[in-house]
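# Remarks on the overall topology
One letter stands for each residue in the lines below.
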Amino acid sequence: TTSFKTNLAFAFGWYDAPEAVDILSAFLNDKSPQVRRVAASEMENMSDPRAPQLLRNLLVKETNKNVRRFAQRALDILTGKRPRYYDVEEIENKI
């Protein structure tokens, strides 16, 4: 079911290992946009060198705007275009 797969994707997001990337990769092809969104988001935590290309492949074919947004964010984090964490003090100074 969708909620089971979504929860599983969240759990594997904490497990930075090739096996986690394998499962998240399969979830990137799930019929449910919610499952694909969570899998894409959790991919940002993976150090596996396959992760960026898996996200690029998803972005080529994905039609759901929300999934695309999370996939692009994860790809930006993995490729260093966006910081993983923001400095709250720095953000507050810009406001």
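Residues numbered from 1 in each chain as written. Predicted model: local features only at pLDDT ≥ 70, side-chain atom pairs only at ≥ 80, totals over all residues. Heavy atoms only, no water.

What follows deals with the packing of helix α1 (residues 2–12) against helix α2 (residues 18–27). Interhelical geometry of α1 versus α2 gives an angle of 145 degrees and a closest axis separation of 10 Å. Handedness of the crossing formed by α1 with α2: left-handed. Taken together, the residues of α2 that come into contact with α1 (itself represented by Lys-5, Leu-8, Ala-9 and Phe-12) are Ala-20, Ile-23, Leu-24 and Phe-27. (Axes fitted to C-alpha atoms, helices over the stretch in contact; angles between N-to-C directions. Helix = DSSP H or I, 4+ residues; strand = E, 2+ residues; numbered from the N terminus. Left-handed = near helix turned anticlockwise from the far one by under 90°. Contact = heavy atoms within 4.5 Å.)

Our next topic: the nonpolar core. Of all hydrophobic cores here, the largest spans 21 residues; its most connected members are Leu-24, Met-43, Met-46 and Leu-55. Listing elements by their share of this core, those giving two or more residues are α1, α2, α3 (33–42), α4 (51–61) and α5 (65–78). When neighbours within four sequence positions are excluded, Leu-24 is seen to be in contact with Ala-9, Phe-12, Ala-39, Glu-42, Met-43 and Met-46. (Core = buried A, V, L, I, M, F, W, Y, C linked by side-chain atoms within 4.5 Å. Buried < 20%, exposed > 50% of the residue type's maximum accessible area, 1.4 Å probe, protein only.)

A separate point is the packing of aromatic side chains. If you walk through the whole model with that rule in mind, you get one aromatic pair. A cation sits over an aromatic face here: Arg-37 above Phe-70, 5.2 Å from the ring centre. (Phe/Tyr/Trp six-rings, centres within 6.5 Å; stacked < 30°, edge-to-face > 60°. Lys NZ or Arg CZ within 6 Å of the ring centre and 35° of its normal.)

For the chain, per-residue confidence averages 90 on the pLDDT scale, and 86% of positions sit at 70 or higher. Here helix α6 (residues 88–94) stands out as the least confident element of the chain, with mean pLDDT 54; α4 is the most confident, with 98. (pLDDT = per-residue confidence, 0-100.)

Below, the discussion takes up α5. Here α5 is 14 residues long and its end C-alpha atoms lie 20 Å apart, about the 20 Å a rise of 1.5 Å per residue gives. Along α5, the residues that are buried comprise Val-67, Ala-71, Ala-74, Leu-75, Asp-76 and Ile-77. Looking at the buried side of α5, the elements it contacts are α3 and α4. Between a side-chain oxygen at the N-terminus of α5 and the backbone nitrogen of Asn-66 the separation is 3.0 Å; the capping residue is Asn-64. (Expected span 1.5 Å × (residues − 1). Polar contact = N/O pair within 3.5 Å; in protein donor to acceptor, adjacent residues only side chain to side chain.)

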